[in-house]
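Observations on the model geometry
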Amino acid sequence: MKLVRKDLEKDNAGQVTLIPEEPEDMWHTYNLLQVGDSLRASTIRKVQTESATGSVGSNRIRTTLTLSVETIDFDSQACQLRVKGTNIQENEYVKMGAYHTIELEPNRQFTLAKKQWDSVVLERIEQACDPAWSADVAAVVMQEGLAHVCLVTPSMTLTRAKVEVNIPRKRKGNCSQHDRALERFYEQVMQAIQRHINFEVVKCVLVASPGFVREQFCDYMFQQAVKSDNKLLLENRSKFLQVHSSSGHKYALKEALCDPAVTSRLSDTKAAGEVKALDDFYKMLQHEPDRAFYGLKHVEKANEAMAIDTLLISDELFRHQDVATRARYVKLVDSVRENMGTVRIFSSLHVSGEQLGQLTGVAAILRFPVAELSDQEDESSSEED
């Protein structure tokens, strides 16, 4: 993401002009946008024209509109963002108050104005504009006949390819059909890796599977690379790391990211940090439940006692339609930081973020036990969600 201009007043009202450069920047934009914001961007509008003879025609005209945002739709697979709202600035083609939908896309500038830019939103802009925050981990999660090739960026897990091949069972005395199908499957996965993984950016490629599938696949891939003198794969051989997973489904990626060999290799990536924080929370919940809280009310009370060491919170909560509820989450984040606690904002598009979402989206690891709180009934989840 490229920051073109930032004009903020003392009361944190103002506007920011940005250019999304990567598909992932659309996810950041989705998290920046809120209902009631004003969005200015170029768009195409169908305009009816009447000629001197009275015949009516229609033309598609590019124009710049400023909308008051009403609905925001994000397609995570295509990384496309559609924003619908009413026109709030004079325009020769669109009446004031008329509805229009702007499709935001990479490399097209937009200006976003808010009555209040909070700390969480401003932090997201900083991260989005930091070139170090890029898709530096790739993963191939596989089992016989099924593989997912994923990119693990700091903000989301993107499935770039799904490979499915029907593998016949081995028959007594005749394994040729099974072996041929398996070879075809490995070939397709190898092609998907070359097509979707940018080795100039990616630091590590995890190959995860149950049993010996990963070893057999890697042996096949590098044998083929030697035969065909595939420099791309041979030069990046050291980036491939084999780890165990229970299956070839996307959710098994969390197990692969939890592997100690992986966490040491990926210690500088946000995704690995999120997985470790969630893992630490579950361990604490199991062994010292008085130091692991979840649900907004419980976490807020722990914060009042200045007991929070690490706050785990889903970015989904900052997209809440109710301004007061959203402000409550922002206040919690600011307060934990003021009390020298660590805040980890999880992406709801990461596997770890999905798991945190099942725990109401907010959890905390405490510095010291707060026994009287954990004895209360957890009433926070239903009414706050």
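The sections below set out a description of the structure shown in this document. Only a predicted model underlies this, so the values are computations on that prediction, with no experimental measurement involved.

A word on the overall build of the protein
- A tally of regular secondary structure across the protein gives 13 helices and 16 strands.
- Considering only C-alpha atoms, the protein reaches an extent of 80 × 75 × 35 Å along its principal axes.
- In the protein, of all internal contacts separated by at least 6 residues, the share reaching a separation of at least 24 is 67%.
- Only carbon and sulfur atoms are counted for the fraction: they give 46% of the accessible area of the protein, which is about 19400 Å².
- Of the side-chain charges in the protein, 47 are positive and 56 negative, and the distance between the mean point of each set is 6 Å.

Describing the packing of aromatic side chains
- Tallied over the entire structure, the rule returns nine aromatic pairs.
- When the centroid spacing of 5.6 Å and the interplanar angle of 45° are considered together, the rings of Trp 27 and Tyr 30 count as tilted. One end of the pair, Trp 27, and the other, Tyr 30, are both in helix α1 (residues 23–32), three residues apart, so they sit about a helical turn from each other.
- Ring geometry for Phe 222 and Phe 240: centres 5.4 Å apart, planes at 85°, overall edge-to-face. Of this pair, Phe 222 sits in helix α4 (residues 213–227) while Phe 240 sits in strand β12 (residues 240–244), placing them 18 residues apart in sequence.
- Note on Phe 222: relative accessible area 6%, which makes it buried.
- Residue placement shows Lys 114 over the ring face of Trp 117; its charged tip is 5.4 Å from the ring centre.
- One cation-aromatic arrangement involves Arg 237 over Phe 222; the distance from NZ or CZ to the ring centre is 4.4 Å.

As for the side chain of Ser 247
- The topology assignment puts Ser 247 in the loop between β12 and α6 (253–258).
- A distance of 3.1 Å separates the side chain of Ser 247 from the backbone nitrogen of His 249, its partner in a polar contact.
- For Ser 247, the contacting residues outside a window of four places in its chain are Val 141, Met 142, Gln 143, Pro 210 and Ala 252.

Some details on the packing of helix α3 (residues 176–196) against α4
- Packing of α3 against α4 leaves a shortest axis separation of 10 Å and a crossing angle of 70°. Accordingly, the angle class assigned to the pair α3 and α4 is roughly perpendicular. Two secondary-structure elements touch here, α3 through Leu 182, Glu 183, Tyr 186, Glu 187, Val 189, Met 190 and Ile 193 and α4 through Val 213, Gln 216, Phe 217, Tyr 220, Met 221 and Gln 224.
- Here the residues of the contact of α3 with α4 sort into nine nonpolar, two polar and two charged.

Remarks on the sheet that holds strand β4 (residues 56–75)
- With antiparallel pairing, seven strands are arranged side by side in an open sheet as β1-β2-β7-β3-β4-β5-β6. Among the strands making up the open sheet, the edge pair consists of β1 (2–8) and β6 (99–104). On average, each strand axis in the sheet is tilted by 35° relative to the strand beside it, whichever way the strands run.
- Inspection of the sheet shows β1 paired to strand β2 (residues 14–19) by six bridges, in the antiparallel sense. Of the residues in β2, the one forming a bridge with Asp 7 is Gln 15.
- Lying over the sheet, α1 contacts β2, β4, β5 (80–87), β6 and β7 (110–114), oriented at roughly 70° with respect to β4.

Criteria and cut-off values
All residue numbers refer to position in the chain's written sequence, counted from 1. Where local features are concerned, this predicted model is filtered to residues with pLDDT of at least 70; where side-chain atom pairs are given and counted, the filter is 80 or more; whole-chain, interface and lining totals use all residues. With hydrogens and water excluded, all non-hydrogen atoms of the structure serve as input to the side-chain values. Counting from the N terminus, the helices are DSSP H or I runs at least four residues long and the strands are E runs at least two residues long. The contact definition used throughout considers only heavy atoms, calling two residues in contact when any of these lie within 4.5 Å. Each accessible area value is a Shrake-Rupley result obtained with a 1.4 Å probe; residue values ignore everything except the protein chains displayed when judging cover. Think of it this way: Lys and Arg go in the positive column, Asp and Glu in the negative one, and His and the chain ends go nowhere. In this description, the location of a charge corresponds to atom NZ of lysine, CZ of arginine, CG of aspartate or CD of glutamate. The rule is short: rings of Phe, Tyr and Trp, with Trp giving its six-membered ring, pair when the centres are within 6.5 Å, and they are stacked under 30 degrees, edge-to-face over 60, tilted in between. Burial status follows relative accessibility: with a 1.4 Å probe on protein chains alone, a residue under 20% of its type maximum counts as buried, one over 50% as exposed, and anything between as partly exposed. Only when the NZ atom of a Lys or the CZ atom of an Arg is both within 6 Å of the ring centre and within 35 degrees of the ring normal do we say a charge sits over the ring. In the analysis that follows, any N or O atom pair within 3.5 Å is treated as a polar contact, provided that within protein one partner can donate a hydrogen and the other can accept it, and provided that, for residues neighboring in sequence, both atoms belong to side chains. Here an angle of 0 to 180 degrees is reported between the N-to-C directions of two axes, which are lines fitted to C-alpha atoms, with helices fitted over the stretch in contact. To sort the angles, those under 35 degrees are grouped as roughly parallel, those over 145 as roughly antiparallel, those from 65 to 115 as roughly perpendicular, and the leftovers as oblique. Residue polarity follows a fixed list, in which Ala, Val, Leu, Ile, Met, Phe, Trp, Tyr, Cys and Pro are nonpolar, Asp, Glu, Lys and Arg are charged, and the others, Gly among them, are polar. In short, DSSP must find at least two bridges between two strands for them to pair.

This is a description of form; function is not addressed.
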